[in-house]
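# Observations on the three-dimensional arrangement
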Amino acid sequence: MTSPNPAVKRGLAQRISGERIVLALAAPVLAVVLSVAICSVLLATSGKNPFDAWNVMITFGTKSDGQVLILNRTTTYYLAAAAAAFGFRMNLFNIGVEGQYKVAALFAAYVGAQVDLPAFVQIPLLLVTAMVVGGLYASIAGLLKVYRGVSEVISTIMLNSIALAIIGLLLVPGIFAPKVSSTSNSIQTNPVSQSSHFFGIETAGGTLWGFLFVAILVGVVFQFVLTRTRFGFDLRATGRSESAATASGVNVKKMVVISMAASGAIAGLIGLPELLQNSYYFGQSFQPGLGFLGISIALLGRNSPIGMAFAALLFAFLDTTGSQLPLQGGFPSEIVAVMQGTIVICVVVAYELVRRYGLKRQQQKVGAQIAAQAVAAAENKEVSA
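What comes next is a walk through the structure. (Residues numbered from 1 in each chain as written. Predicted model: local features only at pLDDT ≥ 70, side-chain atom pairs only at ≥ 80, totals over all residues. Heavy atoms only, no water.)

## Examining the environment of A267
What counts, and what does not: A run of H or I in DSSP counts as a helix once it spans at least four residues, and a run of E counts as a strand once it spans at least two, with each numbered from the N terminus. Contacts are assigned to residue pairs that have any heavy atoms within 4.5 Å of one another.
Relative to the assigned elements, A267 resides in helix α11 (residues 252–267). Sequence separation of A267 and A82 is 185 residues, and the distance between their C-alpha atoms is 8.0 Å. When neighbours within four sequence positions are excluded, A267 is seen to be in contact with A83, V97, Q100 and Y101.

Below, the structure is given as structure tokens:
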């Protein structure tokens, strides 16, 4: 049996070197530590004991019911992050995730209320409906960028506003809402059929959403497509340099449209955990803000499936446990929003600091190698002389 190539061994050792792992973890850990410190100072300034607040959050987060709520919320947050991250890997800023998932959830809710097929047909039908609607809506921004040179940032922001108008136009009695309204002032679709309900796992702390496995599958497919397919290679190459990708034969225009559509298709799944496992209808106040939160989580997780999983878990922990602060001790609930905001700001700063440190270390290593080679060459010259 032949031994592995020494160059391969060195490459593997460099990849898993302790310093690279430390640098990869340093930025998010530093960001969280800085955020906790800042929020502790704010709580102390307002006359509250920060240690009591952290104790309330940790205590609830370690209970079984708190853990179930955290995992359920993590599912939704992870899908939102994956939708934003797919565009980021292509160097496309899909700011329109917010509008895409709302429009997709509206159409999925309407189809789920109108159609009642066996569950093994009904649920895939709703998944496909949401993904197709989200993908088509996001592809508008891709087409505008390719054929009219419109920045996807501008177009997706405008499409968010248009999405609200579309929802307001369709979610009225007689169209997507029932003609006979309920006693509530809130307008909503009819509940989806019983066969549309996604499965859940009963635990001691409540029902764990089965959509968690869909989120895991999205993460696996995300990683596989980006690292093990030609499309993923073209996507990453185009994101780094469009001119180089064009020179290598990549159709950049096609990649832009497909990437935006794929990002929108993932965004279409964001509202389904709530729709198919909790509320079972689409209303005017259906889960706002998830698209923008997904951008923050993708940034914290560095657009990596595993990194986004930890980031989504962190944000879900903060949101879920933070809801207990006003109930226990009269702490301001706004401290959670402050913490999330400071984490995003701190992670940007921390990534830049870590990047500069890593670049400096790399320069030092290259300089040391050049110096060692120069010394070895001088010694060899003396010996030969």
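## Concerning the pairing of strand β1 (residues 200–203)
In the case of a regular strand, side chains alternate between the two sheet surfaces. Selection rule: Between any two strands, pairing holds if DSSP finds at least two bridges.
Where β1 and strand β2 (residues 206–209) come together, 4 bridges link them in antiparallel fashion. Paired with I201 across the two strands is L208, which belongs to β2. The antiparallel hairpin formed by β1 and β2 contains 2 residues in its connecting segment.

## A word on the packing of aromatic side chains
Formally: When the centres of two rings from Phe, Tyr and Trp lie within 6.5 Å, Trp using its six-membered ring, the rings pair. Their planes under 30 degrees apart give stacked, over 60 give edge-to-face, and anything left gives tilted. Each residue is assigned to one of three classes by its accessible area relative to the maximum for its type, calculated with a 1.4 Å probe on protein chains only: buried under 20%, partly exposed between the two thresholds, exposed over 50%.
What the rule picks out here adds up to 8 aromatic pairs. Between F86 and F222, the ring centres sit 5.8 Å apart and the planes meet at 80°, which makes this aromatic pair edge-to-face. Taken together, the positions of F86 in helix α4 (residues 64–89) and F222 in helix α8 (residues 211–228) put the pair 136 residues apart, joining distant regions of the chain. For F86, a relative accessible area of 6% gives the class buried. On the numbers, 4.8 Å between centres and 50° between planes, the contact of F198 with F211 is tilted. Taken together, the residues span a long stretch of sequence, with F198 in the loop between α7 (152–170) and β1 and F211 in helix α8 at a distance of 13 residues. Classification of F198 as buried rests on a relative accessible area of 14%. These aromatic residues form a ring-pair network of at least three members: F198, F199, F211 and F213.

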